[in-house]
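# Fold and contact review
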Amino acid sequence: MAGLLHRRLRLRTALRWLSPLSTASPPALVRTLPPGFSSGLLQTPRPGSCGVHCRELHAGGERPTPSPAAAPERRPFSRVTPEDLAFFSKIIPGRTITDPDILETSNVDWLKSVLLRPQTTEDVSQILGYCNSRNLAVSPQGGNTGLVGGSVPVYDEIILSTALMNIVLNFDSVSGQYRCVFESLSLFLEDRDYIMPLDLGAKGSCHIGGNVATNAGGLRLICYGSLQGTVLGLEVVLADGRVLDYLATLRKDNTGYDLKQLFIGSEGTLGVISAVTILCPRKPKAVNVAFLGWESFEQLLQTFQRCREDMRLLNTHLKLANPITDCPFYIVIETSGSNPTHDEEKLHQFLEEAMTSSQVIDGTVAMEEAKIKALWSLRERVTEALTHDGFTYKYDISLPVERIYQLFTDMREHLRDRAKSVVGYGHVGDGNLHLNITSPTKDPVLLASIEPFVYEWTVRFQGSISAEHGLGLKKRNYIYYSKASLAVALMGKIKTMLDPKGILPYKTLPDDLQ
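Residues numbered from 1 in each chain as written. Predicted model: local features only at pLDDT ≥ 70, side-chain atom pairs only at ≥ 80, totals over all residues. Heavy atoms only, no water.

## Observations regarding the nonpolar core
Nonpolar side chains in soluble globular proteins tend to be buried together. With 45 residues, the main nonpolar core has Leu-292, Leu-435, Ile-437 and Ile-450 as its most contacted residues. Counting 25 residues, the second-largest nonpolar core is a separate cluster that includes Phe-77, Leu-116, Leu-128 and Met-165. (Core = buried A, V, L, I, M, F, W, Y, C linked by side-chain atoms within 4.5 Å. Buried < 20%, exposed > 50% of the residue type's maximum accessible area, 1.4 Å probe, protein only.)

In structure tokens form, the structure reads like this:
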């Protein structure tokens, strides 16, 4: 397969494991750690980590302590008045929403917010400038497809939705660059023989601005890299309403600090991304997909190195048939190139060698578009299938590839019969594991067994507690597991500089810096 790599071989990879656990009732009591004691998984916290602090928040004892994922206390922001509503209605008439039925789709637990739907950068600028002067808190929101509470208000923040900012500003068919506002424009690009450099399971509803704000990884990272490399420029409205025009279209520009990188992955805490310039690759002329199965994770890694979900839930809940023999491990590999005959021949040759060497138990190949979509649906609809299995605790972990399956097995052993299912899937090529644990209903006892165990395990093996979904509200206080205290302190200083009044609050940074 190495011969294909220099021909823009695209590998979209996915893997999954399942080990259903018994559905026995959880024990009535779970032993908790007294404040100041380690769980034993980490003998000593590394410098800069939250160490005992995070464990104290989960611990039992005489006084109750909140979970690090719990909402912080409301900060002393102003509350929306009729005068504020009148101002918003003047600058965006008909797009200032207070109807609770409409607001419900943009809120999870509270219906006390105002929903604003700007259409232009100027709209966003006026809104943020006004909110900053009035000390009104704002919650930027794109497609609202996140998993860590990053796009929904915590209290009564104004929801600034970018749903209507979905136009193409410019498309350069020579260089493959385009400038767009928020929404994913895959269909637009494919009609012009280009593709987006990222692909996501939530592509039908997520927005490109939100993807950039969370530095989404997706399924094409191995071939095209992360958004940090494919984003050429940004336009960002700062918290005080000023517009930072950084919409470069040059692939090489080494003049001063690369400020756009501050906003890629900032989750809307430093400003609102209002336009993006992205380098888009040409649409491949040939696409092939292979769906393979193995008996062991070691065999999976060996095969993946050569080429450089869960079936039970999918069969039961979504009626998606497994196209090959039942196997403990599966992977989806997609390749793309410019010569269909040559690419198909190389893929078949690789599969023949892999199966002859007894690494692969079974597999199937798809060249037709309908079959390709069918195979990818087995991977992309895992999350949907999990919703039918009960309440799901989701973790987005980055680890050295050889450690991915070990986290799954250790978590299964740690939880035993306290969980219904433990499911792992993700991106084997870049070490991203999506660990999902289900129970019949929301279970605080089970959660106390999962956290902080999963974070301690991850940092023990030099992983990251968030590979691509960000920290949002739920993981903000766990940031010290992945970043040293000096790095977090510098983040706090940048936040203070760009948002001195803190009107983009509560997300990403820990409470001790808010």
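So, next bit.
## Here's the deal with the sheet that holds strand S3 (residues 115–116)
As a general point, the strands of a sheet are linked pairwise by backbone hydrogen bonds and lie either parallel or antiparallel. Pairing is mixed across the open sheet formed by 4 strands, whose spatial order is S2-S3-S5-S4. Of all strands in the sheet, those bounded by a partner on one side alone are strand S2 (96–97) and strand S4 (138–141). Where S3 and strand S5 (residues 158–161) come together, 2 bridges link them in parallel fashion. Looking at the pairing, Leu-116 lines up with Leu-160 of S5. Sheet strands touched by helix H5 (residues 121–134): S3, S4 and S5. Its angle to S5, the strand with the most contacts, is close to 165 degrees. (Pairing = 2+ DSSP bridges. Helix = DSSP H or I, 4+ residues; strand = E, 2+ residues; numbered from the N terminus. Contact = heavy atoms within 4.5 Å. Axes fitted to C-alpha atoms, helices over the stretch in contact; angles between N-to-C directions.)

## Focus: the side chain of Asn-215
Inspection of the secondary structure assignment puts Asn-215 in the loop between helix H7 (208–213) and helix H8 (221–224). Note on Asn-215: relative accessible area 19%, which makes it buried. Once residues within four sequence positions are removed from consideration, Asn-215 is found in contact with Ser-226, Leu-227, Gln-228, Ile-264, Gly-265 and Glu-468.

## As for the pattern of salt bridges
Throughout the structure, instances matching the rule amount to 11 salt bridges. Measuring nitrogen to oxygen at the nearest pair gives 2.7 Å for the salt bridge that ties Arg-79 to Asp-156. One end of the pair, Arg-79, is in the loop between helix H2 (52–58) and helix H3 (82–91); the other, Asp-156, is in the loop between S4 and S5, and 77 residues separate them in sequence. With a shortest N-O distance of 3.4 Å, Asp-123 and Arg-95 are connected by a salt bridge. Here Asp-123, found in helix H5, pairs with Arg-95, found in the loop between H3 and S2; they are 28 residues apart in sequence, far enough to count as distant. When its relative accessible area of 9% is taken as the criterion, Asp-123 is described as buried. Here the salt bridges do not stand alone but share partners, grouping Arg-74, Arg-79 and Asp-156 into one network. (Salt bridge = Lys/Arg side-chain N within 4 Å of Asp/Glu carboxyl O.)

## Description of the pairing of S5
Burial of the side chains of S5 extends over both faces: Ile-158 and Leu-160 are buried on one face and Ile-159 and Ser-161 on the other. Pairing of S4 with S5, which is carried by 4 bridges, proceeds in the parallel orientation. By the bridge assignment for S5, Val-138 is matched with Ile-158.

## Some remarks on the packing of helix H16 (residues 404–415) against helix H18 (residues 453–460)
Contact geometry of H16 with H18 gives a least axis separation of 11 Å together with a crossing angle of 145 degrees. Taken as a pair, H16 and H18 cross one another with a handedness that is right-handed. Contacts from Gln-406, Leu-407, Asp-410, Met-411 and His-414 of H16 reach H18 at Phe-453, Val-454, Trp-457 and Thr-458. When the residues that make up the contact of H16 with H18 are grouped by side-chain class, the tally is 5 nonpolar, 3 polar and 1 charged. (Left-handed = near helix turned anticlockwise from the far one by under 90°. Nonpolar A, V, L, I, M, F, W, Y, C, P; charged D, E, K, R; others polar.)

## Quick notes on the environment of Glu-402
Its location among the elements puts Glu-402 in the loop between strand S14 (391–398) and H16. The exposed category is assigned to Glu-402, whose relative accessible area is 53%. Along the sequence, Glu-402 and Val-428 sit 26 residues apart, while their C-alpha atoms lie 9.4 Å from each other. Excluding residues within four positions of it along the chain, Glu-402 makes contact with Phe-297 and Leu-301.

## A few points about the pairing of strand S10 (residues 271–279)
Counting buried positions over the 9 residues of S10 gives 9, a clear majority of the element. Direction of pairing for strand S8 (residues 231–238) relative to S10: antiparallel, over a ladder of 7 bridges. Bridge assignment links Val-231 to a residue of S10, and that residue is Ile-278.

## Observations regarding unusual backbone geometry
The residue after Glu-451, namely Pro-452, is reached through a cis peptide bond having omega 10 degrees. The backbone of Tyr-506 shows a phi angle near 75 degrees, a positive value even though the residue is not glycine. Of the residues examined, Tyr-506 reaches a relative accessible area of 2% and is grouped as buried.

## Quick look at H16
Relative to the 16 Å expected for 12 residues at 1.5 Å per residue, H16 spans 17 Å between its end C-alpha atoms, a close match to the ideal helical length. All buried positions along H16 are accounted for by Ile-404, Leu-407, Phe-408, Met-411 and Leu-415. Summarising the axial view, the buried residues of H16 lie within an arc of 100 degrees, below the 170-degree limit, and thus occupy one face. Note on H16: the residue one or two positions beyond its end, Arg-416, has a positive phi of about 50 degrees. (Expected span 1.5 Å × (residues − 1). Arc of directions from axis to C-beta.)

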